[in-house]
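Structure assessment
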Amino acid sequence: MRTGADVFLALALGADAVLIGRLAAYGLAAAGEAGVRRTIELLAEELRTLMILAGTPDVAAITPAVVSRRA
């Protein structure tokens, strides 16, 4: 997972959880513990923004119906 959109899509397609290991490692390398915290904050903010745009009030409302496939 690299962005909030990746998290949103994974949840919409049925994931129970997502892993952010690489992002956490980047944050740790950049600014230590504070970098990891900031990385998680940014990811959560991106996810909240997408949830607002998709009209999903909570994580439970993220279903396959909120995403579409291109033909």
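Here, every reference points to the structure presented above.
In what follows, the accompanying structure is described.

**What about the overall build of the protein?**
If you tally the helices and strands in the protein, you get two helices and zero strands. In the protein, which comprises 71 residues, the proportion classed as buried is 21%. When contacts within the protein are restricted to residue pairs at least 6 apart in sequence, long-range pairs at least 24 apart make up 51% of them. With the model as given, the accessible surface of the protein reaches about 5,200 Å², and the carbon-plus-sulfur share is 61%. Considering the protein, the positive charge centre built from 7 side chains and the negative charge centre built from 7 side chains are found 8 Å apart.

**Focus: helix α1 (residues 4-12)**
Every buried residue of α1 is accounted for by Gly4, Val7, Phe8, Ala10, Leu11 and Ala12. If you follow the buried residues of α1, they end up packed against α2 (21-54). Glycine 14, located one to two residues past α1, shows a positive phi value of around 110°.

**Structural notes on α2**
Here α2 contains 34 residues, and its C-alpha end-to-end distance of 26 Å is more than 12% below the 50 Å for a straight helix at 1.5 Å per residue. Alanine 31 marks the point of greatest bend in α2, at about 140°. Taken together, the buried residues of α2 touch α1. Immediately downstream of α2, the backbone of glycine 55 shows phi near 75°, a positive value.

**Some points on the packing of α1 against α2**
When two helices pack together, their arrangement is given by the angle between their axes and by how far apart the axes lie. Across the interface, α1 lies against α2 with an axial gap of 7 Å and an inter-helix angle of 60°. As summarised for this structure, α1 and α2 are arranged oblique, according to the angle between their axes. Of the two possible hands of crossing, α1 and α2 adopt the one that is right-handed. Contacts from Gly4, Ala5, Val7 and Phe8 in α1 reach Leu43, Glu46, Leu47, Leu50, Met51 and Ala54 in α2.

The rules behind the values
- Residues numbered from 1 in each chain as written.
- Predicted model: local features only at pLDDT ≥ 70, side-chain atom pairs only at ≥ 80, totals over all residues.
- Heavy atoms only, no water.
- Helix = DSSP H or I, 4+ residues; strand = E, 2+ residues; numbered from the N terminus.
- Buried < 20%, exposed > 50% of the residue type's maximum accessible area, 1.4 Å probe, protein only.
- Contact = heavy atoms within 4.5 Å.
- Areas by Shrake-Rupley, 256 points an atom, 1.4 Å probe, with all protein chains shown as cover.
- Lys, Arg positive; Asp, Glu negative; His and termini not counted.
- Charge placed at Lys NZ, Arg CZ, Asp CG, Glu CD.
- Expected span 1.5 Å × (residues − 1).
- Bend = angle between axes of the 7 residues up to and from the residue.
- Axes fitted to C-alpha atoms, helices over the stretch in contact; angles between N-to-C directions.
- Parallel < 35°, antiparallel > 145°, perpendicular 65-115°, else oblique.
- Left-handed = near helix turned anticlockwise from the far one by under 90°.

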